[in-house]
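Examination of the molecular architecture
One-letter residues, chain by chain:
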Amino acid sequence: MSRIAVVPGSFDPVTLGHLDVIRRAAAIFDQVHVLVVHNPDKHAMLPIAERVNLLQRSIDEDETIPSNVVVASWSVGLLVDYCVEVGASVLVKGIRSQIDVAYETPMVLMNRSLANVETVFLLPDPGHAHVSSSLVRQVAALGGDVASYVPPAVGRYLEKTRPA
């Protein structure tokens, strides 16, 4: 029986911390679906299609991420609906602090109740623990250098789209 996990996120944009979680999940599970989801509570910088594209390019360029990773998007319905559709019984979430745990706990319990989907938390590499997509967006928007926080594909994209 194949062990399939889903790593959901807005990935707006994908960071090196995200890739760290994806890499470690891919070492644990037979197949990992990295799922770009629409979060109605967040104002996205990038359209979903661009986030999927940047995520796929970032994974393709990272030689340490195995080939058992699938990139997809989901914007209609519940996250657990996607899990059921692909046969995943586990969600993998990266958490940086107790605040993340408090935020995620009600969703963990609901996902388990709705579809018997468990959630596994992975702590970040300490070098990435302070980085979030929203912080990267803020620094980039103000002209700061985010190259050490994002994969090269994202760095190139942000540099190219930066207002002159």
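Just above sits the structure.
This report concerns the structure included in the present document. None of the values given here were measured: they were computed from a predicted structure. (Residues numbered from 1 in each chain as written. Predicted model: local features only at pLDDT ≥ 70, side-chain atom pairs only at ≥ 80, totals over all residues. Heavy atoms only, no water.)

Helices and strands together make up the secondary structure of the protein, namely six helices and five strands. Along the protein, from the amino end to the carboxyl end, the secondary structure elements read β-α-β-α-β-α-β-α-β-α-α. The C-alpha radius of gyration computed for the protein amounts to 15 Å, which stays within 12% of the reference 15 Å derived for 164 residues, consistent with globular compactness. Overall size of the protein, expressed as C-alpha extent along the three principal axes, is 50 × 30 × 30 Å. Among the 164 residues that make up the protein, the fraction classed as buried is 44%. In the protein, the share of contacts with a sequence separation of at least 24, taken over all contacts with a separation of at least 6, comes to 78%. Of the roughly 8,900 Å² of accessible surface on the protein, 58% is carried by carbon and sulfur atoms. If you average the places of the 13 positive and of the 17 negative side-chain charges in the protein, the two averages end up 3 Å apart. (Helix = DSSP H or I, 4+ residues; strand = E, 2+ residues; numbered from the N terminus. Rg over C-alpha atoms; globule rule 2.2 N^0.38 Å. Buried < 20%, exposed > 50% of the residue type's maximum accessible area, 1.4 Å probe, protein only. Contact = heavy atoms within 4.5 Å. Areas by Shrake-Rupley, 256 points an atom, 1.4 Å probe, with all protein chains shown as cover. Lys, Arg positive; Asp, Glu negative; His and termini not counted. Charge placed at Lys NZ, Arg CZ, Asp CG, Glu CD.)

Following the criterion strictly, the structure yields one aromatic pair and no others. When the centroid spacing of 5.3 Å and the interplanar angle of 70° are considered together, the rings of tryptophan 74 and tyrosine 82 count as edge-to-face. Judged by its relative accessible area of 17%, tryptophan 74 is buried. Classification of tyrosine 82 as buried rests on a relative accessible area of 6%. (Phe/Tyr/Trp six-rings, centres within 6.5 Å; stacked < 30°, edge-to-face > 60°.)

This part covers the side chain of aspartate 12. Here aspartate 12 lies in the loop between β1 (4-9) and α1 (16-28). For aspartate 12, a relative accessible area of 3% translates into the label buried. Polar contacts involving the side chain of aspartate 12 include one to the main-chain amide nitrogen of leucine 46, which spans 2.9 Å. (Polar contact = N/O pair within 3.5 Å; in protein donor to acceptor, adjacent residues only side chain to side chain.)

Below, the discussion takes up helix α4 (residues 98-115). With 18 residues, α4 extends 25 Å between its outermost C-alpha atoms, agreeing within 8% with the 26 Å of an ideal straight helix rising 1.5 Å per residue. Burial in α4 covers these residues: Asp100, Glu104, Val108 and Asn111. Looking at the buried side of α4, the elements it contacts are α3 (79-86), β4 (90-94) and β5 (118-122). N-capping of α4 is provided by serine 97, with a side-chain oxygen placed 3.2 Å from the backbone N of isoleucine 99. The first or second residue beyond α4 is asparagine 116, which carries a positive phi of 55°. (Expected span 1.5 Å × (residues − 1).)

Two numbers describe how helix α2 (residues 48-61) lies on helix α6 (residues 152-161): the axes approach to 8 Å, and their chain directions differ by 135°. By the angle between their axes, α2 is oblique relative to α6. Contacts from Glu50, Leu54, Arg57, Ser58 and Glu61 in α2 reach Pro152, Ala153, Val154, Arg156 and Tyr157 in α6. (Axes fitted to C-alpha atoms, helices over the stretch in contact; angles between N-to-C directions. Parallel < 35°, antiparallel > 145°, perpendicular 65-115°, else oblique.)

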